[in-house]
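Now for the letters of each chain:
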Amino acid sequence: MNSWLAPRYLAWLWQGFGITLGLAATVAIAATALGFGLALLRNARSRQIQWIASGYVLVFRNSPLLVQLMFWYFGVATLLPEAAMTWLNTPHILALGGLTLHWPSFEFIAGWLGLTCYSTTFIGEEFRSGLRGVPAGQYHAAAALGLRPLAAFRYVILPQAVRISMPPLFGQYMNIVKNSSLTMAIGLAELSYASRQVDTETFKTFQAFGAATLLYILTIALIEAALVVFQRSGARMSHRS
Amino acid sequence: MHLSVLLDNLPYLLLGAYPDGPLGGAALTVLLAITSALLSAVLGLIGGVALALTRGLAHGILLAGIGFFRAIPVLMLIFWTFFLLPVLLHINVPGLATVVCALALIGGAYLSHAVHAGVLAVGQGQWQAGLSLGFTRGQVLRHVVLPQARRIMAPSFVNQWVSLVKDTSLAYIVGVPELSFLANQVNSRLMVYPVQIFLLVALMYLLMCTVLDRIAMRLLVYGGRRPIAEQAGFNTSLGTPRPGPI
C-alpha cells in the first residue's frame, strides 16, 4: 500500500484517460449539434413534431444510461444485418488529410451512440430554456426593425439564448465526462475501467482509484475554467460592440 | 414478438428470487432508491443549512468537500465506498450498503446547494422578523425559513431523486441484484432477445421515474399545509401585504 504504481500501470491509466477524453469530446460535439436541433423541434409549429420531440426527451431522460448502453451494445448487434456488423468490427483506416484515425472498437461506437442519445436530451433542454429565456419583446423589436423571422432568430434571439444557456451547457459537458465512466459496463477500456484493472492486477486500490479520481477532478476543473474564460471573453466582446 | 418469453421472466425482473431467495429486481431498485433518497435529503438539509450559516474558512472547506462529490462520477464513488468502507470499518460491508452510501453522498452534495439556494431565496427579512419575535436561530430556521424554502427547493429535490432512481442501476457494477443486474442476467441466459429485454427494463424505469416525479411534485409543491402567513393574507414570497378584497 505504500509504493506508487509501476510505469506500466500508469500507462494503462493514461490510455484510459485518453479514451475518456476522446469519447467525451466527440459526444459533446455531436450532442450539442443534435441537442440544438432537438430544441428547435420542440419549438416547431407542427404539433406532431413537438410530440415526437417531447416523447424522445421523456424516454431517453427517464431511463438509466446504463440500460441504454446495454440496449445499444447488445441490441444493435442483433438488429443490424450480419454484413453491417462485420463491417463495424473490422478495422478501417480513416485518412483525413495527413491525419490517420484508427477505427474505434464496437464498444466505443455503442458507448458513443448511447451517450450521445442520452446527453442530447439534456443539452436540448438547456438550449430550450435558453430560447425561452429571451424576452418576447426581442422578437417584436427584431420584427419592427424589418428583420425576417430567420434573420431575427439568427442575429437577435440566438446570441442571447446561447449566452443564457452557456453555464448549464458546460455543466452538461461535465456530466458527459462523468457519465462516460458507465461505458466500462459494456467493456470500453476508459479511465474507470483502467483503474479497476490496475486495482485487480496490483492490489493498490488507493493509488489506482486515487489517480483516476484526480484525473476526473482535473478534467471537471478545466471545463469550469473554460467556462470562466469563455464568459469573460464574451462579456468583453459584447462590451466593445 | 415472443412475448411469452418476456412474460415468463417478468416476475423475476420484478422481484428477483424473492419468495425463495433474497429480494431483487425492480423491488430492490425501489427500496434502494427510497433509502438513498431519504438519506440524501437528510444530508442535503444538513449541508445546505451549514452552507447558509458558515462564513469564511469553514464555508470554503464545506464547499470544497461538496465540490469533490459533485466532480467525481457516481461509479468512482461506488468503487471508493465498496473498497474503502470494509478497510475503514474492519467489517464486511455488503454491496448494497456501499451503494446506498455512495448515492446518498452524491445526492446530498447536489441537494446541499439546492437547500442553500432555497434558504437564501427566503431572504434576510424573514430571519430578522423571526429573531425579533424572540425565536432562536434554530427556531427561525425550523419554523420560518425552511417551510418557505420548501416550495423553492421542491423541484430540485424531485429532479435529484429521479436521477437517483436512474443511478441505482450502477449497483450492477458491484453485483447487487437490482433491476439492471437481473436484466443483464436474463439477457445472457436467453441470448436472443436483447432488444425486447432492455426495452422492457427501460420502460419499467421510465414508469418509476414518471410516477415519482408526479407524486413528489404534487406532495411537495402543491400539497401540504399552506404557510400561516399566506393564510393571513400575506404574500410570503415578497413579505409584503397583499391587497385585500375590496
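Residues numbered from 1 in each chain as written. Chains lettered and ligands numbered in written order. Predicted model: local features only at pLDDT ≥ 70, side-chain atom pairs only at ≥ 80, totals over all residues.

1. Looking at the overall build of chain A
Each helix and strand counted, chain A has 9 helices and 2 strands in total. Overall, the C-alpha framework of chain A stretches about 70 × 45 × 40 Å when taken along its three principal axes. Here chain A holds 241 residues, and the buried ones make up 37% of them. The contacts of chain A with a sequence gap of at least 6 include a subset with a gap of at least 24, amounting to 75%. (Helix = DSSP H or I, 4+ residues; strand = E, 2+ residues; numbered from the N terminus. Buried ≥ 20, exposed ≤ 12 C-beta atoms within 10 Å, placed from the backbone. Contact = placed C-beta atoms within 7 Å.)

2. So, the interface of chain B and chain A
On the side of chain A, 25 residues touch chain B, which itself brings 28 residues to the contact. Going through the elements one at a time, helix 4 (74-89), helix 7 (137-167), helix 8 (179-190) and helix 9 (194-222) of chain B are the ones with two or more residues in the side of chain B that touches chain A. Here the element with the most residues in the side of chain B that touches chain A is helix 9 of chain B; it accounts for 10 residues. Across the side of chain B that touches chain A, the residue classes break down as 22 nonpolar, 5 polar and 1 charged. (Nonpolar A, V, L, I, M, F, W, Y, C, P; charged D, E, K, R; others polar.)

3. Some thoughts on the environment of Cys101(B)
All names here are of chain B. Here Cys-101 shows up in helix 5 (residues 95-122). On the neighbour-count criterion, Cys-101 (19 C-beta atoms within 10 Å) is partly exposed. In this structure, Cys-101 is in contact with Thr-81 and Leu-85, ignoring residues within four places of it in sequence.

4. Regarding the environment of Leu188(A)
All names here are of chain A. Relative to the helices and strands, Leu-188 resides in the loop between helix 7 (149-179) and helix 8 (191-202). Counting along the chain gives 168 residues from Leu-188 to Thr-20, while the straight-line C-alpha distance between them is 9.4 Å. Apart from residues lying up to four places away in sequence, Leu-188 is in contact with Ile-19, Glu-107, Phe-108, Gly-111, Thr-183 and Tyr-193.

5. Regarding the nonpolar core
Residues Ile78(B) and Val201(B) are the most contacted members of the largest nonpolar core, which totals 118 residues. Sorting elements by how many residues they give to this core places helix 5 of chain B first, with 14 residues. Non-local contacts of Val201(B), meaning those with residues more than four positions away in its chain, are made with Val67(A), Leu13(B), Leu179(B), Ser180(B) and Ala183(B). (Core = buried A, V, L, I, M, F, W, Y, C linked by C-beta atoms within 7 Å.)

6. Observations concerning helix 1 (residues 3-15) of chain B
All names here are of chain B. For helix 1, built from 13 residues, the straight-helix expectation of 18 Å at 1.5 Å per residue is met to within 8% by its first-to-last C-alpha distance of 19 Å. Along helix 1, the helix axis deviates most sharply at Asn-9, where the bend reaches about 35°; the proline Pro-11 sits within four residues downstream. Looking one or two residues beyond helix 1, the residue adopting positive phi is Gly-16, at roughly 75°. (Expected span 1.5 Å × (residues − 1). Bend = angle between axes of the 7 residues up to and from the residue.)

7. Quick word on the packing of helix 4 of chain B against helix 5 of chain B
Residues and elements named next belong to chain B. Following both chains from N to C, one finds helix 4 and helix 5 inclined at 135°, their axes separated by 9 Å at the closest point. The orientation of helix 4 with respect to helix 5, classified from their angle, is oblique. Note that helix 4 runs across helix 5; the crossing there is right-handed. Residues Val-74, Leu-77, Ile-78, Thr-81, Phe-82 and Leu-85 of helix 4 form the contact with helix 5, whose participating residues are Gly-95, Thr-98, Val-99, Cys-101, Ala-102, Leu-105 and Ile-106. Within the contact of helix 4 with helix 5, the residues separate by chemical class into 10 nonpolar, 3 polar and no charged. (Axes fitted to C-alpha atoms, helices over the stretch in contact; angles between N-to-C directions. Parallel < 35°, antiparallel > 145°, perpendicular 65-115°, else oblique. Left-handed = near helix turned anticlockwise from the far one by under 90°.)

8. Remarks on unusual backbone geometry
Residues and elements named next belong to chain A. With phi around 60°, Phe-203 is a residue other than glycine that occupies positive phi space. One can find Phe-203 in the loop between helix 8 and helix 9 (205-240). A tally of 10 C-beta atoms within 10 Å means that Phe-203 is categorised as exposed.

9. A few points about helix 8 of chain A
Because the α-helix completes a turn every 3.6 residues, residues three or four places apart line up on one side. Across its 12 residues, helix 8 of chain A extends 16 Å between first and last C-alpha, which sits within 8% of the 16 Å expected from 1.5 Å per residue. All of the buried residues in helix 8 of chain A are Leu191(A), Ser192(A), Tyr193(A), Ala194(A), Ser195(A) and Val198(A).

10. A closer look at the packing of helix 1 (residues 7-42) of chain A against helix 2 (residues 47-61) of chain A
Residues and elements named next belong to chain A. Where helix 1 meets helix 2, the axes come as close as 8 Å, and the angle between the chain directions of the two elements is 135°. With respect to each other, helix 1 and helix 2 are oriented oblique. Crossing geometry of helix 1 relative to helix 2 is assigned as left-handed. Across from Leu-38, Leu-41 and Arg-42 in helix 1, the residues of helix 2 making contact are Ile-49, Gln-50, Ala-53 and Ser-54. Looking at the contact of helix 1 with helix 2 residue by residue, the classes come out as 4 nonpolar, 2 polar and 1 charged.

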